[in-house]
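This is what each chain is made of:
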Amino acid sequence: MISLQNVTITRGGQDVLRDISLTFRDSEFVGVLGPNGAGKTTLFRAILGLQPLSAGRIEVFGAPARRGNQDIGYMPQTRSTLPASNICGFDVLANAARGHEFGLPLSSRRLREEVMAALEDVDGVELAARPLARLSGGQRQRLLLAAALLGAPKLLLLDEPLISLDPAAQAAMIALIARLRRTRDLTVLFAAHDINPLLGSMDRVLYLSGGHAALGTVDEVITSEGLSKLYGSEIEVLRAGGRIFVLSDRPDAHHACDHA
Ligand SMILES: Nc1ncnc2c1ncn2[C@@H]1O[C@H](COP(=O)(O)OP(=O)(O)OP(=O)(O)O)[C@@H](O)[C@H]1O
């Protein structure tokens, strides 16, 4: 269980999160939605113990959030990671595994097993020998996901893993994460810009906006009334063809769910 109790986080003089209290249950898949700058990355960094709180408390599986928590696997947004280079997939993961996260140094055999098991779990064994510069967007995402799995975490924080993937690659990535969640019994927090690809996979949605948060099922949270309250302005939620569209006069709200 991960819990936030009366959490406020202030950045650049503004409350990114204001007095938020909520609980993520073990093994649940939560989509984390909200407009640009709503605080999705900030929330993940706080759970990782990397972002100081202005007030409140975060507990991760019964202990205060702290840096270097091996129970957490983190997949950062790709735009800030994995530069095009000739280093191969295996070495990227080996470097990550050798890092301080595991505490004790791993023998080279153990390291190899650990890295190859993570690659197998993301259906990416062939990425071991592939240079980073020659990976597709989807392959880079799978490599980052494999890195997040090193050390057998219980919680995965995934920061926009669908970014710049086409719809087929998005569906494949979501199916992979849903499978990993089942086979590894993971709790998954999955930040996304568009709710629609996640509708069949997530248990609940966390919606962030203007420092506020709403956590619940899609039917509870993604309503005209609920989102209007969260945004503090008129929002209309439409459902058509199994998809959800969020309409507003505010330009930032469109980022929430609707790319139509
Ligand atoms: N280093 C920083 N110093 C001060 N403020 C920051 C810093 N980084 C981010 N912020 C602010 O914190 C707020 C939350 O940013 P955050 O990156 O958490 O949002 P996000 O929901 O992940 O956005 P996006 O969807 O664009 O990735 C934004 O208002 C942003 O301007």
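Reading guide: rules and limits
- Residues numbered from 1 in each chain as written.
- Predicted model: local features only at pLDDT ≥ 70, side-chain atom pairs only at ≥ 80, totals over all residues.
- Heavy atoms only, no water.
- Buried < 20%, exposed > 50% of the residue type's maximum accessible area, 1.4 Å probe, protein only.
- Helix = DSSP H or I, 4+ residues; strand = E, 2+ residues; numbered from the N terminus.
- Arc of directions from axis to C-beta.
- Near = heavy atom within 4 Å.
- Polar contact = N/O pair within 3.5 Å; in protein donor to acceptor, adjacent residues only side chain to side chain.
- Areas by Shrake-Rupley, 256 points an atom, 1.4 Å probe, with all protein chains shown as cover.
- Core = buried A, V, L, I, M, F, W, Y, C linked by side-chain atoms within 4.5 Å.
- Domains from an automatic or database assignment.
- Contact = heavy atoms within 4.5 Å.

You'll find the protein entered in an unreviewed UniProt entry as ABC transporter ATP-binding protein, with Acidocella aquatica given as the organism.

A. Region of the structure containing helix α7 (residues 224-231). Turning to α7, its buried residues number three or more, namely Leu227, Ser228, Leu230 and Tyr231. In an axial view of α7, the angular spread of the buried residues amounts to 165 degrees, which keeps them on one side of the axis. Facing away from the buried side of α7 by over 90 degrees, the exposed positions are Glu225 and Lys229. Looking at the residues trailing α7, positive phi occurs at Gly232, about 75 degrees.

B. The arrangement of the site of the ligand in detail. For the ligand, the set of nearby residues contains 15 residues, the closest of which are Asn36, Gly37, Lys40, Thr41 and Thr42. Within the contact set of the ligand, a nitrogen atom lies 3.2 Å away from a side-chain nitrogen or oxygen of Arg11. Compared with its free state, where it exposes 640 Å², the ligand has 60% of that area covered by protein. Among the elements that make up the shell around the ligand, the one with the highest residue count is helix α1 (residues 40-47) (three residues).

C. Structural context of the nonpolar core. Core analysis: the biggest nonpolar cluster contains 54 residues, and Leu119, Leu145, Phe190, Ile222 and Leu227 have the highest contact counts within it. At six residues, the largest contribution of residues to this core is made by helix α4 (residues 137-149). Built from parts of two domains, this core gets at least three residues from each of domain 1 (25-54 + 63-71 + 154-260) and domain 2 (83-152). If near-sequence neighbours (up to four positions away) are discounted, Leu119 is found in contact with Leu93, Gly124, Val125, Leu127, Ala128, Leu143 and Ala146. Among the nonpolar cores identified, the runner-up in size contains 25 residues, and Ile9, Leu48, Leu155 and Leu206 belong to it.

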